[in-house]
Amino acid sequence: MRLAVVGKVLFFFPQMPDPPRSGLHRRCLEMLRLMRDADYEITFASSNLSGHAKWTREDAARLERNLVKSVRIYEPGRFDRRFVRVLSLIYAKTPQEVAVDSWLYTPPGMRRWFRNLTAEISPDIVLMTYARWDGLLNHERRASA
């Protein structure tokens, strides 16, 4: 018997974790199982901008069957792909390190996508596995989450 939903979780992980190819992927799946078993409603957000394996509809359906309410995948458009390419070239020519919250990891279209997703879902909890993707979250607007 399932209890009522405890709260809504928006979980961002930049790669497809299933099947797991690393300890990080296994940990991601463990965290999803723990939240599911604690009766959280989980929306899993990811991207085809990074990672080795691209998401397919079958990948998303498998996660939705087993662990989460829904899977949302960011598909970068032409502008974001060019934006990342140009920014990569700029960083390659400068001696500075890439900032953790750089636009390189979260280009404008991806930030807009995530902002719209958080407005639509209105999560109680937002989880991200890497500091690199912190730029997706507007901290002032989502302070309560």
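Below: a short report on this structure.

What counts and how
Residues numbered from 1 in each chain as written. Predicted model: local features only at pLDDT ≥ 70, side-chain atom pairs only at ≥ 80, totals over all residues. Heavy atoms only, no water. Pairing = 2+ DSSP bridges. Helix = DSSP H or I, 4+ residues; strand = E, 2+ residues; numbered from the N terminus. Axes fitted to C-alpha atoms, helices over the stretch in contact; angles between N-to-C directions. Salt bridge = Lys/Arg side-chain N within 4 Å of Asp/Glu carboxyl O. Buried < 20%, exposed > 50% of the residue type's maximum accessible area, 1.4 Å probe, protein only. Right-handed = clockwise from strand over helix to strand, strands pointing away.

### Focus: the sheet that holds strand E2 (residues 41-47)
- Read from one edge to the other, the open sheet built from four strands follows the order E3-E2-E1-E4, with strand pairing classed as parallel. Every other strand in the sheet has two partners, leaving strand E3 (70-74) and strand E4 (125-128) as the edge strands with one partner each. Recorded for the sheet is a direction-independent mean angle of 20° between the axes of neighbouring strands.

### With respect to the pattern of salt bridges
- Per the counting criterion, the structure on display carries seven salt bridges.
- A salt bridge links Glu30 to Arg27; the shortest N-O distance between them is 3.2 Å. Here the residue Glu30 and the residue Arg27 both occupy positions in helix H1 (residues 23-37), the gap between them amounting to three residues, near one helical turn.
- Classification of Glu30 by relative accessible area gives partly exposed; the value is 38%.
- Each of the salt bridges in this network shares a partner with another, and the network as a whole consists of Asp18, Asp59 and Arg62.

### Digging into the pairing of strand E1 (residues 8-12)
- Judged by how many residues are buried, E1 sits mostly within the fold: four of five residues are covered.
- Alignment of E1 against E2, held across five bridges, turns out to be parallel. In the strand pairing of E2, Lys8 is matched with Glu41.
- Handedness of the crossover joining E1 and E2 through H1 is recorded here as right-handed.
- Of the strand pairs in this sheet, E1 and E4 are connected by four bridges, and their pairing is parallel. Its bridge partner lying in E4, Phe12 is registered against Met128.

Bear in mind that shape data such as this cannot, by itself, settle questions of function.
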